[in-house]
Number of protein chains: 8
Amino acid sequence: MYRDEILELLRGVKEGTVTPEEALHDLKREPFDDLGYAKVDVHRELRQGVPEVIFGAGKTTKQIRGIVGSMKARGREDILITRLSKEAAAELVDLDLEYHELARIGIVSHNTSKELTGSIVIACGGTSDIPVCEEAAITAELFGNKVTRLYDVGVAGIHRLLSNMDPLMDARVVIAVAGMEGALASVVGGLVDCPVIAVPTSVGYGSNFHGLSALLSMLNSCASGVSVVNIDNGFGAGYLASMINKMESAKD
Amino acid sequence: MYRDEILELLRGVKEGTVTPEEALHDLKREPFDDLGYAKVDVHRELRQGVPEVIFGAGKTTKQIRGIVGSMKARGREDILITRLSKEAAAELVDLDLEYHELARIGIVSHNTSKELTGSIVIACGGTSDIPVCEEAAITAELFGNKVTRLYDVGVAGIHRLLSNMDPLMDARVVIAVAGMEGALASVVGGLVDCPVIAVPTSVGYGSNFHGLSALLSMLNSCASGVSVVNIDNGFGAGYLASMINKMESAKD
Amino acid sequence: MYRDEILELLRGVKEGTVTPEEALHDLKREPFDDLGYAKVDVHRELRQGVPEVIFGAGKTTKQIRGIVGSMKARGREDILITRLSKEAAAELVDLDLEYHELARIGIVSHNTSKELTGSIVIACGGTSDIPVCEEAAITAELFGNKVTRLYDVGVAGIHRLLSNMDPLMDARVVIAVAGMEGALASVVGGLVDCPVIAVPTSVGYGSNFHGLSALLSMLNSCASGVSVVNIDNGFGAGYLASMINKMESAKD
Amino acid sequence: MYRDEILELLRGVKEGTVTPEEALHDLKREPFDDLGYAKVDVHRELRQGVPEVIFGAGKTTKQIRGIVGSMKARGREDILITRLSKEAAAELVDLDLEYHELARIGIVSHNTSKELTGSIVIACGGTSDIPVCEEAAITAELFGNKVTRLYDVGVAGIHRLLSNMDPLMDARVVIAVAGMEGALASVVGGLVDCPVIAVPTSVGYGSNFHGLSALLSMLNSCASGVSVVNIDNGFGAGYLASMINKMESAKD
Amino acid sequence: MYRDEILELLRGVKEGTVTPEEALHDLKREPFDDLGYAKVDVHRELRQGVPEVIFGAGKTTKQIRGIVGSMKARGREDILITRLSKEAAAELVDLDLEYHELARIGIVSHNTSKELTGSIVIACGGTSDIPVCEEAAITAELFGNKVTRLYDVGVAGIHRLLSNMDPLMDARVVIAVAGMEGALASVVGGLVDCPVIAVPTSVGYGSNFHGLSALLSMLNSCASGVSVVNIDNGFGAGYLASMINKMESAKD
Amino acid sequence: MYRDEILELLRGVKEGTVTPEEALHDLKREPFDDLGYAKVDVHRELRQGVPEVIFGAGKTTKQIRGIVGSMKARGREDILITRLSKEAAAELVDLDLEYHELARIGIVSHNTSKELTGSIVIACGGTSDIPVCEEAAITAELFGNKVTRLYDVGVAGIHRLLSNMDPLMDARVVIAVAGMEGALASVVGGLVDCPVIAVPTSVGYGSNFHGLSALLSMLNSCASGVSVVNIDNGFGAGYLASMINKMESAKD
Amino acid sequence: MYRDEILELLRGVKEGTVTPEEALHDLKREPFDDLGYAKVDVHRELRQGVPEVIFGAGKTTKQIRGIVGSMKARGREDILITRLSKEAAAELVDLDLEYHELARIGIVSHNTSKELTGSIVIACGGTSDIPVCEEAAITAELFGNKVTRLYDVGVAGIHRLLSNMDPLMDARVVIAVAGMEGALASVVGGLVDCPVIAVPTSVGYGSNFHGLSALLSMLNSCASGVSVVNIDNGFGAGYLASMINKMESAKD
Amino acid sequence: MYRDEILELLRGVKEGTVTPEEALHDLKREPFDDLGYAKVDVHRELRQGVPEVIFGAGKTTKQIRGIVGSMKARGREDILITRLSKEAAAELVDLDLEYHELARIGIVSHNTSKELTGSIVIACGGTSDIPVCEEAAITAELFGNKVTRLYDVGVAGIHRLLSNMDPLMDARVVIAVAGMEGALASVVGGLVDCPVIAVPTSVGYGSNFHGLSALLSMLNSCASGVSVVNIDNGFGAGYLASMINKMESAKD
């Protein structure tokens with residue numbers, strides 16, 4: 001595609017409809033809105049239905065408002081704002097923000113008519129991991145994926161996990177979320193045949209060291225097919241799970 | 001499937017062809033060969049064409065020989081032995097071992113007639129990362145995947161990467177292998193639309209701390225769609241890439 | 001026992017009182033109440049007198065209330081809620097909660113008629129370690145163990161410890177709780193003949209690194225018979241001490 | 001006992017059979033042989049049947065020989081030398097050393113007539129963990145315990161563990177040995193009702209960081225009844241397991 | 001220079017205009033104002049135009065006021081106070097403090113007539129890195145340097161960086177500010193021919209570990225010409241960039 | 001001394017003025033007041049003039065009040081309470097507490113008539129290190145030592161340190177307090193001939209990691225005669241400096 | 001320049017001397033020799049006099065030979081191979097390799113006629129740091145810089161450094177190389193007015209942790225104008241120092 | 001003293017016996033022999049009896065020979081070479097080197113006629129710590145101190161330590177050497193009234209992390225009067241102990 005654009009441009013130069021100087025200018029034109037404090041991508045303008053994502057942490061509500069404004073001006077839907085505090089959400093209420101407090105996610109211009117497809121299972125070890133799970137779940141749903149939630153199925157009571165083999169067996173991707181010792185990823189990875197995305201959480205105390213124990217545990221998983229994202233990174237897991245869940249068969 | 005087996009067994013009990021005691025025995029029967037020092041999985045007996053994997057590190061050649069023997073006795077093909085030192089490979093030469101020194105991989109009963117499908121790109125930052133790449137590449141090929149190698153395309157000379165956009169754009173999965181600062185994963189993750197599996201390597205020195213710098217860098221990637229496996233874990237990346245590459249379209 | 005249940009079920013199938021489908025259903029039935037955010041174990045329903053445990057940290061009071069409700073509905077006693085903040089305890093006051101502020105423990109439906117048996121000694125290095133000690137002590141007492149408290153007997157004044165040799169010599173298990181350099185575990189371990197459970201605490205400052213110094217110190221204890229639980233994990237120590245204290249003699 | 005000795009001594013002083021000076025001397029007499037480089041404990045002289053332990057690492061064979069000599073001179077049996085390299089063992093062959101190469105353990109004056117009692121199960125995740133298991137197993141056996149070995153039952157193939165529930169259910173203590181992500185301890189801890197001693201091993205690579213991942217994982221186990229000893233510390237686990245296995249019922 | 005002063009002093013001694021005792025006294029005289037809690041440098045008294053710097057963190061407003069007073073008394077201009085909280089700034093408002101909230105910088109006696117020279121580019125990965133950038137930018141401008149800001153050009157959208165090649169190519173020094181994986185420094189370092197000062201920021205979460213990931217990443221940069229300052233140290237980067245930007249050609 | 005007490009006791013037994021049972025009791029009597037939460041040392045009862053020390057952090061004001069009460073009841077003077085917050089000090093005002101806010105030290109029953117002897121120099125790198133210095137200084141003064149304060153003499157302006165060589169040269173002990181890179185200890189250690197006690201402080205930011213950088217720097221000092229105490233441990237440094245400063249000449 | 005090439009290409013398209021397809025091809029042509037295992041940069045072909053650099057570690061001698069061959073074929077001079085072991089150098093002797101054993105540097109086709117300009121001072125703390133210094137020194141000299149070596153001037157004997165103020169004062173850049181506590185960088189940074197590049201070395205033992213102490217110390221330097229490269233990275237320091245030393249005055 | 005030299009020089013200038021230029025030259029003359037790779041201190045020329053120290057690690061035997069030569073040329077005695085490997089010692093045998101293999105110390109021109117004074121006790125936890133102890137002991141003896149060795153008195157058998165109270169009580173300084181959990185320092189610190197220098201050793205395994213556990217333990221010692229030197233730094237401990245042991249009474 002990008003290659004086609006260059007070729008088209010060069011043909012324009014050859015045909016004289018574009019001067020070399022204009023072509024150079026175009027080759028260098030910025031495919032984003034420059035707000036000074038942020039450069040909003042406008043590359044995906046025509047790809048309707050793909051959500052826009054704003055990482056909310058570390059941005060002022062004024063900056064978020066500016067970025068959302070730039071997106072809405074181009075007719076975007078499904079604008080996802082992650083790591084959005086309750087206080088910030090309250091300040092942005094006039095944007096018609098749909099706010100998920102547990103997941104700390106805000107959605108603007110939510111297109112709720114999407115059909116959800118495929119099968120992503122999100123399992124977690126304990127009740128305290130649910131916020132990270134929900135960040136992953138809402139992200140995946142916004143991207144159009146069918147999500148099954150299996151919460152509080154930690155390995156210390158392995159029968160709770162084994163009692164839920166059916167959805168696990170049917171999954172195209174599993175997101176395994178766990179704090180403390182993070183063993184869920186390995187156990188799930190040994191039970192299923194599909195990719196497992198492990199999300200360590202900072203749930204725990206003491207030698208958990210803010211998620212380090214679960215992170216190391218998951219990176220060292222002896223089960224094949226397991227990969228890891230950052231501690232508490234529910235969004236990243238949901239995004240990647242969507243990518244995998246939506247894959248088409250390879251062409252011959 | 002496993003569910004079906006149980007159901008069938010219970011029907012046998014009902015019909016009297018199986019006693020309750022036999023059923024209990026069967027429910028508990030070990031789906032593996034117990035060699036004492038290892039329990040060789042026999043679950044996948046009928047799934048021809050899926051390679052068997054032996055993690056060679058920490059096993060004596062006698063143990064490896066025993067496990068390979070157990071597998072061959074059941075007619076397995078494509079037995080993959082990872083982390084196999086040159087010395088161990090020499091001792092196992094009578095097994096008709098195909099040995100890849102760079103990747104430290106041995107293959108027994110290699111079925112070379114498999115058709116390779118899909119598209120996995122393996123990119124690395126520097127020449128020193130090649131052994132990890134090759135571990136991933138040979139694993140993926142043994143599992144039946146088409147692999148493209150893009151070596152020495154580190155971000156310090158970004159034009160080397162940008163000159164190879166075509167295979168990257170065509171990839172179904174990319175494996176990004178890098179030591180030192182591990183920036184390759186983020187840059188590749190920002191360029192492609194498919195899942196990126198990041199493999200930190202222990203290549204580097206000083207504050208690299210045996211791969212820690214690349215590992216942390218990749219876990220903190222600001223690009224979406226990136227997940228990480230253990231330092232130097234070429235096999236894990238190749239295995240997961242195969243899983244993703246071979247996905248079928250989701251059924252409606 | 002679990003094995004007996006399966007056998008009984010299969011006999012039922014054989015005798016026709018249970019259909020294979022029912023048996024499969026039973027084999028897969030969930031031995032817990034599924035509250036969505038938590039799966040409450042109902043396995044131990046008949047084992048009266050064994051406390052139920054809820055890890056309070058990271059749970060909302062609404063969730064705790066739900067779990068307690070599910071337990072009480074089944075007639076449980078001695079429901080232990082650990083890591084319960086003073087604020088959360090105040091919100092749950094209507095549950096007839098017995099709250100131990102120092103230990104941050106709540107107890108619902110406390111059966112105070114239990115006889116306390118055996119002998120567990122809980123020793124700590126300094127006054128600041130007492131909250132962790134009390135978490136262990138109250139847990140152990142709730143499980144029916146006799147507990148002796150030896151507080152502020154740190155190794156910097158070894159005579160304070162040596163003056164208390166009698167209870168130490170009579171203990172069946174010792175819990176050694178210490179922050180800072182954690183040396184208490186080694187010294188106690190060298191004085192007694194029974195198992196010593198070491199609990200590092202996060203008490204200290206500077207290069208204590210939130211309990212790391214005591215943790216490493218205890219793991220490296222040169223005294224035999226010492227094992228370690230997580231930093232500040234008074235509950236875990238109390239639970240394990242109870243297990244050991246209550247052991248019966250091995251049968252011949 | 002020690003208390004009785006003091007009392008007896010004081011009575012001797014009172015009765016004039018012991019002078020105060022002699023009593024002071026006795027109170028301060030060294031309950032060990034002082035070899036200069038080592039102080040060999042002679043306290044346990046009469047407690048026949050309890051093995052003596054020498055930590056072999058960091059000692060020259062000359063020092064080990066001296067310590068063994070001091071012990072044998074007092075008629076000790078079952079002298080256990082841990083962390084003894086193959087080379088050192090060869091140099092000590094004239095001591096009638098029984099050497100276990102895998103476990104790196106030497107035994108002098110092995111009393112093989114002991115009856116083994118109780119039930120300790122030693123389970124490990126993979127073949128590479130076996131040396132640590134054997135250090136624990138041989139230690140426990142030398143102390144008179146019955147040991148069951150369950151090797152290569154890692155959580156990535158959970159059916160291998162579930163197929164071995166019977167010995168686990170019958171155990172009085174379980175030693176769970178695992179490297180990599182160390183999840184075995186949590187899973188076992190959730191399945192059994194007895195104390196679980198977790199031993200992290202340095203088996204693995206990359207972000208395993210020489211056993212750190214398994215260590216943190218085990219310390220953060222969400223299963224109750226689990227405690228941890230140092231990385232690769234098979235001896236410590238075997239010793240502690242023996243203490244617990246041999247416990248008598250508490251007196252009323 | 002300093003050498004000349006000594007020589008002059010000694011000549012004075014020789015000529016008898018200075019006694020040896022006076023000379024010794026002068027050789028030892030303190031080139032700073034001693035306020036007790038601080039020793040204010042008076043060495044640079046005559047070097048007009050070079051800003052004075054006060055590290056504000058950890059100082060009380062009373063101490064800051066004292067130091068500023070000592071400087072103003074000597075006629076200094078461009079007194080820069082870094083790490084100055086909004087609250088402290090409010091307390092110091094009577095000093096005619098120019099306060100930059102985002103950069104947490106205060107300036108007293110700002111000489112705004114300086115001509116800005118040379119070319120420093122400050123680039124950052126994301127909007128959240130802007131405070132560190134501004135600390136660097138305002139510092140550099142106060143020291144008389146021309147600064148170009150390129151914000152939100154992180155490597156996950158490499159086209160945003162490539163679209164801004166012109167200012168980068170014209171820079172004499174680049175300051176690359178980035179949190180998360182810190183890859184910006186390597187990519188910029190590979191694109192430009194001038195020194196790159198990398199500033200890791202603590203922006204991020206989880207395994208970012210308060211800036212450690214970006215720090216290690218930048219230290220391990222495979223691009224040549226990159227060096228690193230402390231996490232979030234915008235001031236240090238701005239100061240060093242000024243030093244380099246203002247270099248004269250080497251004399252033959 | 002302790003030896004003499006035992007001997008005297010035994011002589012009493014011999015002479016019949018003490019029964020063996022009484023002697024045993026005395027040998028075991030507790031040389032401290034047991035307050036339950038604390039065991040207050042009464043060993044030093046007669047050693048008038050030596051301050052008593054209470055580590056205030058982690059103790060409630062009620063506990064501190066109890067310990068102070070126990071001490072005052074025995075006529076102690078110079079009771080030092082370290083790490084005492086301003087709030088706690090306010091609650092204890094009725095104890096006639098002399099409170100040093102900067103040093104977070106409280107003193108009860110201060111005997112101000114002591115003569116201060118010897119010479120301890122306390123030097124620090126920057127203004128922000130002063131609280132730790134003052135903790136050391138007030139401790140040392142309370143123990144009867146003459147203290148010279150050299151504040152803000154960090155190595156980045158080495159002339160500030162070199163201008164203060166006289167007190168350094170006259171010191172019997174130097175306490176070098178520094179955060180950030182902690183280089184002060186090495187530089188001072190290279191200039192003086194007396195013991196240097198290095199105190200790393202948590203002053204700094206970023207890769208300072210709460211004092212780790214200064215701690216490691218000081219431990220690795222290439223200057224001889226330098227030893228290190230815990231991060232921010234002003235009290236420990238002051239106490240040790242007093243011990244060294246007050247040493248008498250060795251007897252022949 | 002790169003911009004000019006594009007413009008020229010586009011003019012060619014316009015004038016019909018270049019087809020759009022050719023232009024696209026050229027825009028994408030690889031500015032490097034692709035050897036498979038390495039992509040050798042040919043971008044700098046005409047910039048005679050600038051050395052080529054090969055990072056030797058992790059490359060086989062066959063690979064190094066291939067890369068050198070590709071460079072020589074284009075007439076390059078001053079090919080620098082860093083981290084080249086003595087053994088590898090011996091295997092490459094036929095390349096007319098000039099080998100510096102201490103610095104582990106090899107040079108092929110050394111153009112020794114360059115004039116050395118400017119002034120770089122390389123100072124180190126101790127004799128053991130010399131190999132890292134030499135790596136920096138030889139690199140800088142190969143790039144055409146005048147280098148002054150000040151070895152063994154560590155801060156524990158500050159007079160050694162102060163006796164060498166003249167070359168320091170005349171330097172345009174200083175490279176401060178130190179292991180252990182790394183204080184040299186701060187002290188030098190406080191004495192000079194030019195940029196200081198700090199190189200931590202892995203020299204030391206114990207809590208030096210392979211250079212970590214010096215690294216953290218240097219990153220936390222309280223002296224302005226100091227930046228840091230990776231542990232033992234003499235090459236990086238030499239390269240950056242050359243960049244700075246060779247700067248021209250900024251144009252008005 | 002140094003001050004006196006300057007004054008004398010200035011008086012010479014005044015009296016005309018020294019020209020200003022000569023004075024400047026003298027003020028700047030190097031108080032060391034510059035061997036290029038090392039600057040040998042000649043400051044202490046007249047202080048007969050104080051040993052010279054060469055840190056042997058990282059120096060070639062050629063460099064050591066050069067430094068020893070420079071010292072001997074000035075008539076020095078008691079030249080101490082630390083961290084000298086057995087191999088290096090063999091190469092230097094012609095220097096009449098007295099070599100202590102266990103301590104890895106070489107001594108040249110040993111003046112054995114010194115009288116040893118005072119009282120330093122060196123205690124260690126286990127046999128494996130003896131090499132570090134001996135490094136301290138031989139250093140202290142060479143500096144003229146009387147040393148008592150208490151080896152293998154670790155806290156796991158506290159009676160071994162308590163049986164050696166007499167030498168401890170008589171010590172002017174104690175050096176406590178321990179690996180593993182390093183608890184010896186705290187226990188000794190609580191028993192004695194003199195300064196305790198703690199030396200962590202790298203003895204141990206697993207979570208000992210090469211001495212980190214003992215180091216942190218010792219830094220966090222709750223006993224007063226304890227300070228710490230680097231891991232395995234026997235020399236540093238011996239040197240500092242000598243400084244303290246040799247202190248004279250403070251003058252009034």
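Computed from a predicted model, the values in this text were never measured in an experiment.

**Considering the domain arrangement of chain A**
All names here are of chain A. According to the domain assignment, chain A contains domain 1 (24-108) and domain 2 (117-251). The centre of domain 1, based on its C-alpha atoms, is set 27 Å off from the matching centre of domain 2. Of the residues lining the interface, 12 residues belong to domain 1; the matching set on domain 2 comes to 11 residues. Taken together, domain 1 and domain 2 are joined by one salt bridge. One salt bridge in this structure joins Glu-135 and Arg-83, with 3.3 Å as the shortest N-O distance. The interface formed by domain 1 and domain 2 holds two residue pairs in polar contact (both at pLDDT 80 or more) in total. Residues that form the side of domain 1 that touches domain 2 fall into these classes: eight nonpolar, two polar and two charged.

**Comments concerning the interface of chain C and chain D**
A common measure of how large an interface is: the accessible area buried when the components associate. Each partner contributes residues to the interface: chain C has 28 residues there, and chain D has 28 residues. Interface area for chain C against chain D, summed over the two sides, is near 2600 Å², with a carbon-plus-sulfur share of 58%. If you sort the residues of chain C by the area they bury against chain D, Leu219(C), Met243(C) and Met247(C) come out on top, with a joint share of 22%. Inspection of the region where chain C meets chain D yields zero salt bridges. Elements represented by at least two residues in the side of chain C that touches chain D include exactly helix H9 (212-219), strand S11 (226-228) and helix H10 (234-245) of chain C.

**With respect to the packing of H9(C) against helix H9 (residues 212-219) of chain H**
Each pair of packed helices can be described by the angle between their axes along with the distance between the axes. Close contact between H9(C) and H9(H) brings their axes to 8 Å; oriented N to C, the two are set at 125°. The orientation of H9(C) with respect to H9(H), classified from their angle, is oblique. The chirality of how H9(C) crosses H9(H) is left-handed. Contacts from Leu212(C), Ser213(C), Leu216(C) and Ser217(C) in H9(C) reach Leu212(H), Ser213(H), Leu216(H) and Ser217(H) in H9(H). For the contact of H9(C) with H9(H), the residue count by class is four nonpolar, four polar and no charged.

**Re the arrangement of the chains**
A gap remains between chain C and chain E, which never touch, and the nearest two C-alpha atoms on either side lie 14 Å apart. Separated in space, chain A and chain F share no contact, their closest pair of C-alpha atoms being 14 Å apart.

**Description of the pairing of strand S4 (residues 79-82) of chain C**
All names here are of chain C. Side-chain alternation along S4 places Ile-79 and Ile-81 on one buried face and Leu-80 and Thr-82 on a second face that is also buried. In the sheet, strand S3 (residues 52-55) pairs with S4 via four bridges, with the strands oriented parallel. In the sheet register, Ile-54 faces S4, and the bridge partner there is Ile-81. Read as a crossover between parallel neighbours, the route from S3 over helix H3 (residues 61-73) to S4 is right-handed. Pairing between S4 and strand S6 (residues 105-108): three bridges, direction antiparallel. Residue pairing in the sheet places Leu-80 in a bridge with Ile-107 of S6.

**What about the relation of the copies chain G and chain H?**
The transformation that overlays chain G on chain H combines an axial shift of 0.0 Å with a rotation of 90°, and the residual RMSD is 0.1 Å. On the angle and the small slide along the axis, the relation comes out as a four-fold axis. If distances are taken from each C-alpha of chain G to the rotation axis, the shortest is found for Phe209(G), at 7.1 Å. With a heterologous cut-off of 20% or less, the 6% of interface residues of chain G that recur at the interface of chain H puts this contact in the heterologous class.

Thresholds, definitions, all that
- Residues numbered from 1 in each chain as written.
- Chains lettered and ligands numbered in written order.
- Predicted model: local features only at pLDDT ≥ 70, side-chain atom pairs only at ≥ 80, totals over all residues.
- Heavy atoms only, no water.
- Domains from an automatic or database assignment.
- Contact = heavy atoms within 4.5 Å.
- Salt bridge = Lys/Arg side-chain N within 4 Å of Asp/Glu carboxyl O.
- Polar contact = N/O pair within 3.5 Å; in protein donor to acceptor, adjacent residues only side chain to side chain.
- Nonpolar A, V, L, I, M, F, W, Y, C, P; charged D, E, K, R; others polar.
- Buried area = accessible area lost by both parts, 1.4 Å probe.
- Helix = DSSP H or I, 4+ residues; strand = E, 2+ residues; numbered from the N terminus.
- Axes fitted to C-alpha atoms, helices over the stretch in contact; angles between N-to-C directions.
- Parallel < 35°, antiparallel > 145°, perpendicular 65-115°, else oblique.
- Left-handed = near helix turned anticlockwise from the far one by under 90°.
- Buried < 20%, exposed > 50% of the residue type's maximum accessible area, 1.4 Å probe, protein only.
- Pairing = 2+ DSSP bridges.
- Right-handed = clockwise from strand over helix to strand, strands pointing away.
- Least-squares fit on C-alpha atoms with pLDDT ≥ 70 in both.

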